[in-house]
Number of protein chains: 2
Amino acid sequence: MNVPLTPVRFLRYAQEQFPSKLAVVCGEERRTYAQLGERAVRLGSALRSAGLEPGDRVAFLSSNCHRFLEAYYGVLEGGGVLLPLNFRLTAAELAYVMRDAGAKFLFLESQFLETAESLRKEVSMIETFVLLDDQPRANWLHKFNYEEFLTGGDLCRRDVMEFDEDALAELFYTSGTSANPKGVMLTHRNIYLHAISVALGNQKTSDAIEIHTIPLFHANGWGIVHTLTMAGGTHVMLHRFDPVEVFRLVERERVNNCNLVPTTAAAILNCPERKNFDLSSLKKVLIGGAAASPTLVREVEEKLGCQCIAGYGLTEASPVLTLSPGKPGLQWGEEERIAGQASAGFALPGAEIRVVDPDGKNLAHDGQTMGEVVARSDGVMKGYWRQPEATAAALQAGWLHTGDMGTIDKDGYLLIVDRKKDIIISGGENISSLEIEKALAAHPSVYEAAVIPIPDERWGEAPKALVVLRPGLTATETELLAFCRSRLAHYKVPKSVEFIEALPKTGTGKILKRELRKKHASGMGEHNGAHRA
Amino acid sequence: MNVPLTPVRFLRYAQEQFPSKLAVVCGEERRTYAQLGERAVRLGSALRSAGLEPGDRVAFLSSNCHRFLEAYYGVLEGGGVLLPLNFRLTAAELAYVMRDAGAKFLFLESQFLETAESLRKEVSMIETFVLLDDQPRANWLHKFNYEEFLTGGDLCRRDVMEFDEDALAELFYTSGTSANPKGVMLTHRNIYLHAISVALGNQKTSDAIEIHTIPLFHANGWGIVHTLTMAGGTHVMLHRFDPVEVFRLVERERVNNCNLVPTTAAAILNCPERKNFDLSSLKKVLIGGAAASPTLVREVEEKLGCQCIAGYGLTEASPVLTLSPGKPGLQWGEEERIAGQASAGFALPGAEIRVVDPDGKNLAHDGQTMGEVVARSDGVMKGYWRQPEATAAALQAGWLHTGDMGTIDKDGYLLIVDRKKDIIISGGENISSLEIEKALAAHPSVYEAAVIPIPDERWGEAPKALVVLRPGLTATETELLAFCRSRLAHYKVPKSVEFIEALPKTGTGKILKRELRKKHASGMGEHNGAHRA
């Protein structure tokens, strides 16, 4: 008997087994799994009543909130495909995405009304706009607020056997550094099996109370949405990142799980209000989105008094591929433990990773030999939406080519060395910009750093560091270069240091090196050539 | 990307991620996952060299040992279907199974040589016999001992993408109470997803060290083989159940997980040598195979100092469907906790259970209304081998009909009330033989009891109790009937009690009521009629 693998089963299961358990906390709203489950079914039904056909895309432009969470199940219950939009995109970028995906429905929070108005004018195929919050509607939004929309639905739901596990469930657009954003197609099966992998790799149980600090549009908040629902844990919604609001919610809801990016983790550690809150419920902090440093992992463990591990993934893999807890029998010393937990970690059950040379040959697991990270897992996408060529390029020979460079050590732990395109090639040597950034970050005055290539007559390229200092602290270029020289091979030491106010970043804390290159490395465009193909 | 779901991935994963971790302890043999993985691949290759074609059945007649464990992966690596034989069957029954399954290979331990010799004469299709242990061969076994057989294989293995997840992986014959045994067809996907369900429901991690007290031929030792391999835990093999040997291995290997049936649990609790061993490593005992009593669960927790839960399943479901840990937020008192943990428990993630009336209508979750248990899960079989009619009867309307009667309470906990065919119908009332047995078992002098129907002129049927007393203790019929009267509704109290030496049982501790009925209830055959259809 093959029961279709669909995330809809997760919510139905939680509704059946944990009906009175708290499913979601959002502002002052609190809903049980029975309520969440009913509302999701109602949403699916209302969407069908409003004209949703199987496979239609339903877009959400929303911060993290309980209605957005409902959509992760309701849209699928209705037979649609969820299209979560990155609200940090410009109106023009959003218009591109909406047109490319061909979305018929747009659900939005009133804070994005202006953007929606421009979308309404530019993207004619959007048939229905629904306002998620209870704010007064704009006059062109003549039909719906969300709660009214729900009343158009009933509680009839399809038998799970009628679902197609290979059908598209979620469509996420990647930021796209050089070309237009691409839609990552995740199937019901991808999402189901990915959530299970993460639950197995991270021992997620029904006791979990998790605060969503990562925007849900980012591959369903790194897959935590589904992992947590499957386990029957509690979702605590954070609308917008603010350390004090995180502390307040952790204390009030006794949050025990939290996912962060390095920049939000740093913000939490550096926020003086921390000491005014009881954060003792926290058990696990997971750092992802960008590489964590051992310093950061240690500080999180010391200051928050909980385990801190890291992970690695990408939207194309649903997204998590690796997590970094210890393996039994490793006998790590304390330094090794911190370094291991700050690495990307090892493959989840259900996932395989390799580092390969440009010919696709497996490289040694020696913690030294650098190659492109390729992956095969139950979460790897069906492909890019209507982009067969990009799909073929990403899924070569049945492996997802991540565009990340890494090493794997003898114990199977992956270290991400750099983005393939951020590697600096100096005198024929590959230099990891990340390695230099980590060296700089260890200096007490440095808040964060980014390293980019600049043209160099002798070596072709050379590294240049852009440094943000900690408030109130100082350091000179000479001092930082000396600091680097004491920690890095000579050829890796930056040629210059420039101090700047802040680093440009994506919504998930990734440094936008493309912009830095444009501004600070005149003459250096995007890389081309064999090393970076 | 759809990576085929096959248990072969479990061992490959453990081999990749936990190569030097202890995989299996068997007598004085100890093998790591690297070794186990290599040997499994070698076995698959050797089978192909010896003529195995894709889909061929490979039979194993073996007690629990590391070579049998290898077969769970090696036969699949070779493209074959594993057919584990119940060594408690007679030679004639085994001949029936071998012919029905059409097995070409038979691997056997030397203790079963006599049986094998008779199979050789009666089942002509067996081409290759391999002796699993290192004993001298019989002269007709002119070719192989197992280790020699392995040398015919190499370490080349198929890409996992070449596997077909819907292909048959394991074929288990059920005991068959009235008809001939039926082969239960479990696919690669069934087994993969079932193992994950159990791991999620039972929080099985790589720290697990599990002793296999359940014969592996019993749906891969209740699915523990694959769950444990997936997690990278350690398999401790027990050849034949003996309490002192269990204690010795628990102490020596620091075993923390153990599955038992009620009779082996009772044997362990009643064995005086227990106090001579350090069993403090034990963390979880799971009781299955037959209903556990609260008394038993409490005693296990008290005397072994670990958590004791129960579970429910059947070969047709790979086999586990439910487990009985507490759910968060239940606020059980101590009595309720013990009763809850002694119930069958609630559905695993990936499984659904219902109790239904004869028309298939869902019954109330009130802990009272009794109906047939039906199930739908990722582990439910493809069907019975070459028995389309039996398959259609078992998988009606997409649900597995278990033939067990049960109730579900408001919290979703299933209680198995009886086998549908063991229900006693007295004056139009359904009486659970199990309920009476549990009442009797609470009497301090009763070791165990079985209740069967006897013909009754007035009521049609009436219950009769067959009781085994504890060594050295006594009780009279009058005393036990009075004891029952104080605990059961009047119409449920047995009409008579007969004291016997021992109850006839299957290899997994289930009481053979069919035999008891034949011997002790003249005039009562197998039931027929609407109530037991």
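Quick caveat: nothing in here was measured; it's all calculated off a predicted structure.

Rules behind the numbers
- Residues numbered from 1 in each chain as written.
- Chains lettered and ligands numbered in written order.
- Predicted model: local features only at pLDDT ≥ 70, side-chain atom pairs only at ≥ 80, totals over all residues.
- Buried ≥ 20, exposed ≤ 12 C-beta atoms within 10 Å, placed from the backbone.
- Helix = DSSP H or I, 4+ residues; strand = E, 2+ residues; numbered from the N terminus.
- Arc of directions from axis to C-beta.
- Contact = placed C-beta atoms within 7 Å.
- Pairing = 2+ DSSP bridges.
- Axes fitted to C-alpha atoms, helices over the stretch in contact; angles between N-to-C directions.
- Nonpolar A, V, L, I, M, F, W, Y, C, P; charged D, E, K, R; others polar.
- Least-squares fit on C-alpha atoms with pLDDT ≥ 70 in both.
- Domains from an automatic or database assignment.

## Description of helix α4 (residues 91-101) of chain B
Residue and element names in this part refer to chain B.
Piece 1. Among the residues making up α4, those that are buried are Leu94, Val97, Met98 and Ala101. For α4, the buried positions fall inside an angular range of 95° around the axis, keeping them on one side.
Piece 2. Looking at the buried side of α4, the elements it contacts are β3 (57-61), β4 (81-84), α5 (113-122), β8 (168-173) and β9 (183-187).
Piece 3. Remark: Gly102 follows α4 within two positions and exhibits a positive phi of approximately 65°.

## Looking at the sheet that holds strand β12 (residues 257-260) of chain B
All names here are of chain B.
Piece 1. The nine strands lie next to each other as β2-β1-β11-β10-β12-β13-β14-β15-β16, forming an open sheet whose pairing is mixed. The open sheet has two edge strands with one neighbour each: β2 (29-32) and β16 (346-347).
Piece 2. Taken together, the two bridges between strand β1 (residues 22-26) and strand β11 (residues 234-237) define a ladder with parallel strand orientation. Following the sheet pairing, Val24 is matched in β11 by His235.
Piece 3. Sheet strands in contact with helix α3 (residues 66-77) are β1, β2 and β11, and its direction is about 135° off that of β1.

## Details of the interface of chain B and chain A
By convention, interface size is frequently given as the accessible area that disappears when the constituent parts associate.
Piece 1. Taken together, the 33 residues of chain B in the interface contact 33 residues of chain A.
Piece 2. Only α1 (8-17), α7 (188-202), β16 and β18 (371-377) of chain B provide two or more residues apiece to the side of chain B that touches chain A.
Piece 3. With four residues, α7 of chain B is the largest single contributor of residues to the side of chain B that touches chain A.
Piece 4. Partitioning the side of chain B that touches chain A into residue classes produces 16 nonpolar, ten polar and seven charged.

## Focus on the relation of the copies chain B and chain A
Piece 1. If you rotate chain B by 180° and push it 0.0 Å along the axis, it lands on chain A with an RMSD of 0.0 Å. Such a combination of rotation and displacement between the chain copies is what one expects of a two-fold axis.
Piece 2. Both copies present the same face, since 100% of the interface residues in chain B are matched by interface residues at the equivalent positions in chain A.

## Quick word on the domain arrangement of chain A
Residues and elements named next belong to chain A.
Piece 1. According to the domain assignment, chain A consists of domain 1 (36-188), domain 2 (241-419) and domain 3 (423-532).
Piece 2. The distance between the C-alpha centroids of domain 2 and domain 3 comes to 22 Å.
Piece 3. Across the boundary between the two partners, domain 2 contributes 14 residues, which contact 14 residues of domain 3.
Piece 4. Here the element with the most residues in the side of domain 2 that touches domain 3 is helix α11 (residues 262-270); it accounts for three residues.
Piece 5. Classifying every residue of the side of domain 2 that touches domain 3 gives eight nonpolar, five polar and one charged.

## Brief notes about the sheet that holds strand β15 (residues 320-323) of chain A
Residue and element names in this part refer to chain A.
Piece 1. With mixed pairing, nine strands are arranged side by side in an open sheet as β2-β1-β11-β10-β12-β13-β14-β15-β16. Only two strands of the sheet have a single neighbouring strand rather than two, namely β2 (29-32) and β16 (346-347).
Piece 2. In terms of strand pairing, strand β14 (residues 307-313) meets β15 through three bridges, oriented antiparallel. Paired with Gly313 across the two strands is Val320, which belongs to β15.
Piece 3. Its contacts with the sheet put helix α10 (residues 243-253) on β1 (22-26), β10 (209-212) and β11 (234-237), and the angle it makes with β10 is roughly 160°.

## Examining the pairing of strand β26 (residues 460-469) of chain A
Residue and element names in this part refer to chain A.
Piece 1. Most of β26 is tucked away: seven of the ten residues are buried.
Piece 2. As defined by bridge partners, strand β25 (residues 446-456) adjoins β26 across ten bridges and the pair is classed as antiparallel. Paired with Val451 across the strands is Ala465, a residue of β26.
Piece 3. Here β25 folds back onto β26 in antiparallel fashion, the turn holding three residues.
Piece 4. In this sheet, strand β27 (residues 496-499) lies alongside β26 in parallel orientation, the contact comprising four bridges. Considered in β27, the bridge of Leu466 is made with Glu498.

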